[in-house]
Amino acid sequence: MLRRALRLGLGPGLLGRGLGAHREGSTLDWHGKVSEIKKKIQSVLPGGAWSPLCDTSHLPPEHSDVVIVGGGVLGLSVAYWLKRLEKRQGAIRVLVVERDHTYSQASTVLSVGGIRQQFSLPENIQLSLFSVEFLRNINEYLAVVDDPPLDLQFNPSGYLFLASEEGATIMENNVKVQRQEGAKVCLMSPEQLRKKFPWMNTEGVALASYGFVSSSNHMETAIGEKVTLKRIHEVHVKVDHSQEYQPVECAIVVNAAGAWSGRIAELAGIGKGPSGTLQGTKLPVEPRKRYVYLWHCPQGPGLEAPLVADPSGAYFRREGLGNNYLGGCSPAEVSSVGSGCRGEDRDRVSLSSQASLAGPVLVLMSRSPLALTWGLLPPSTTYQADRLKRPARPGSDVCPGQRKPCPHLCPQEEEPDPGNLEVDHDFFQEKVWPHLAQRVPAFETLKVRRAWAGYYDYNTFDQNGVVGPHPLVVNMYFATGFSGHGLQQAPAVGRAVAEMMLEGHFQTINLSPFLFSRFYLGEKAQEHCII
């Protein structure tokens, strides 16, 4: 039965079965063929060393075993683990395609950069535990011989979740799960909070969860629906300032395109079928714009301050040594119909009309080849806040038992338009600052120095990641949809995707609840601890 098969995955990994880039069943030894062609041309040309007839150094290779769409932290993590876990060095050819070579609009560099273990699902807790270990011991994984050791400036200050009376029971239950999975989390009373963090106003707080990082190094469906399996054979990459399209034959495509992964899935034909069928099941990932503000407060919390998540949805953490703080507030949850991007064709992707009986041709119109450079954060307006509107009552805008603002008290229009990355400074003054000042009285006087916006790859179904293969487009794998916690879990996610490709199943952490098939089956992997 397909329903059972969807829950278990697709069996042996495609790369584990020795599948390479191929056409009509024959394996292409491209490098060998190029070498032969060079020798033949040299044999007929009068003297001189070989020189190419035209410069193609700016183009990607014409053949690759795996094409990863998205060069952010998740895509690069998948690439890293594929190469690390390959049975023979150089056995797997991996191409990473990234449209923003400056990374100036990439969620990876625009993220607040927190990492926590306080989730309600065991799988999320395990992902974060491994990722913390990876980051803490980064030089065991990514150090280069004769180069200085890597310094990520990894400063795990912990996470502090605050709960109102209505949410205290849920917090207690979550902490039990977190401790069972090995997370270091403790519950704190308002009295304990005041003693440890004297700068905090605990009015409206019934319980707190304080998580800290240890310093140790430790096919037919059940209703008879017939389905058709598909395969992607080529990815066409268009380079900026050029009309050239470089076709890349491949065995596997990894969709790690973040906020735009829903559009990439549509290019492969995913979700283009009758409603309610497996063929018609979309990837429910869309861009959601989130603001991040950096402010200065000379009398603010000291170096011991963790990342604090208020019941109102506001959060903050200390940034560096100069009494600077990063924070924001996620808008109220908005029910979403459909999936994919909204607005203009911002990511410049299209489906080639050259699709054949062998399967669809995915075309990615990239602005440039992959460049591993970090973009500067965009500048923003600096202003002095001079008016504070306090919330009517601490915790009054929170639904009982929820860790997010109540949609009944916040208008749906509050979700920002994702068509651009402009910052709404009024959002800070009206929606963020009152809650910050309520919780930390020192924040009544602060100055916002910078602000920027970035995208969540928001999974509208259950706000959790999508990991592993698509059940019908059998050589597309997902690493997307983490709705704000992709950066902190990327090392573990990349390893999981590589394991599925090479071995056909998850080995280290069983991420079966995060398979694409749950969207069709209606089985939510609901995470209640979302910021």
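Residues numbered from 1 in each chain as written. Predicted model: local features only at pLDDT ≥ 70, side-chain atom pairs only at ≥ 80, totals over all residues. Heavy atoms only, no water.

- In the nomenclature of an unreviewed UniProt entry, the chain is known as FAD-dependent oxidoreductase domain-containing protein 1 of Tursiops truncatus.
- Its UniProt record gives the chain a comment under Function (unreviewed entry), which states: "Required for the assembly of the mitochondrial membrane respiratory chain NADH dehydrogenase (Complex I). Involved in mid-late stages of complex I assembly." (UniProt positions renumbered as here; feature names shortened; annotations may be inferred.)

1. Some points on the overall build of the chain
Right, so step 1: Across its full length, the chain holds twelve helices and 20 strands.
Right, so step 2: Across the 531 residues of the chain, 55% fall into the buried class.
Right, so step 3: Total accessible area computed for the chain in this model is approximately 24,300 Å², and 52% of it derives from carbon and sulfur atoms. (Helix = DSSP H or I, 4+ residues; strand = E, 2+ residues; numbered from the N terminus. Buried < 20%, exposed > 50% of the residue type's maximum accessible area, 1.4 Å probe, protein only. Areas by Shrake-Rupley, 256 points an atom, 1.4 Å probe, with all protein chains shown as cover.)

2. Things to note about the nonpolar core
Right, so step 1: Core analysis: the largest hydrophobic core is formed by 39 residues, its most contacted members being V254, V467 and M501.
Right, so step 2: Non-local contacts of V254, meaning those with residues more than four positions away in its chain, are made with V66, V67, I68, V69, V78, Y477 and M501.
Right, so step 3: Y210, C297, V308 and A437 belong to the second-largest nonpolar core, a separate cluster that totals 33 residues. (Core = buried A, V, L, I, M, F, W, Y, C linked by side-chain atoms within 4.5 Å. Contact = heavy atoms within 4.5 Å.)

3. Brief notes about the sheet that holds strand 3 (residues 66-69)
Right, so step 1: Read from one edge to the other, the open sheet built from five strands follows the order 4-3-10-20-19, with strand pairing classed as mixed. Looking at strand neighbours, the two that pair on one side only are strand 4 (94-97) and strand 19 (466-469), the edges of this open sheet. Here the average twist between neighbouring strands, direction ignored, is 20°.
Right, so step 2: The pairing of strand 10 (residues 252-255) with strand 20 (residues 476-480) spans three bridges and is parallel. Across the sheet, residue V254 finds its bridge partner in strand 20, namely Y477. (Pairing = 2+ DSSP bridges. Axes fitted to C-alpha atoms, helices over the stretch in contact; angles between N-to-C directions.)

4. Focus: unusual backbone geometry
Right, so step 1: One non-glycine residue, N323, adopts positive backbone phi at about 55°.
Right, so step 2: Mapped onto the secondary structure, N323 falls in the loop between strand 13 (314-319) and strand 14 (324-329).
Right, so step 3: You will see that S483, though not glycine, has its phi angle at about 55°, which is positive.
Right, so step 4: Residue placement: S483 occurs in the loop between strand 20 and helix 11 (486-503).

5. Remarks on the environment of V205
Right, so step 1: Locating V205 in the fold gives a position in the loop between helix 8 (190-196) and strand 7 (207-211).
Right, so step 2: Each C-alpha atom, one on V205 and one on P190, is 6.5 Å from the other, the two residues being 15 residues apart in sequence.

6. Section: the confidence of the model for the chain
Right, so step 1: With 71% of its residues at a pLDDT of 70 or more, the chain shows a mean pLDDT of 77.
Right, so step 2: Counting interchain partners and residues more than four positions distant, the pLDDT-below-50 stretch residues 23-28 has nine contacts.
Right, so step 3: Here residues 215-224 is a poorly scored stretch, pLDDT under 50, and it has 19 contacts once near neighbours within four places are set aside; other chains count. (pLDDT = per-residue confidence, 0-100.)

7. Digging into the pattern of salt bridges
Right, so step 1: If you walk through the whole model with that rule in mind, you get ten salt bridges.
Right, so step 2: For K83, the salt bridge identified is with E86, shortest N-O distance 3.3 Å.
Right, so step 3: The class for E86 is buried, based on a relative accessible area of 11%.
Right, so step 4: Its salt-bridge partner being R288, residue E415 comes within 3.4 Å of it at the nearest N-O pair. Residue E415 is found in the loop between strand 17 (383-384) and helix 10 (425-439), and its partner R288 is found in strand 11 (residues 285-296); the two are separated by 127 residues along the sequence. Here E415 and R288 have matching classes, each one buried.
Right, so step 5: Taken together, the shared-partner salt bridges in this structure form one network comprising E286, R288, R290 and E415. (Salt bridge = Lys/Arg side-chain N within 4 Å of Asp/Glu carboxyl O.)

8. Focus on the packing of aromatic side chains
Right, so step 1: In the structure shown here, the tally under the stated rule is 24 aromatic pairs.
Right, so step 2: Judged by centre distance (5.1 Å) and plane angle (80°), the ring pair of Y80 and W81 falls under edge-to-face. For the pair shown, Y80 and W81 are each scored as buried.
Right, so step 3: Ring plane angle 75° and centroid distance 6.4 Å describe the contact between F316 and Y325, whose orientation is recorded as edge-to-face.
Right, so step 4: Its relative accessible area of 2% is what places F316 among the buried residues.
Right, so step 5: A network of ring pairs unites the aromatic residues F197, W199, Y210, Y291, Y293, W295, F316, Y325, F427, F428 and F443 as a single cluster.
Right, so step 6: The lysine or arginine in question, R116, covers the ring of F119, its NZ or CZ lying 4.0 Å from the ring centre.
Right, so step 7: We note R495 situated over the ring of F130; from NZ or CZ to the ring centre the distance is 3.6 Å. (Phe/Tyr/Trp six-rings, centres within 6.5 Å; stacked < 30°, edge-to-face > 60°. Lys NZ or Arg CZ within 6 Å of the ring centre and 35° of its normal.)

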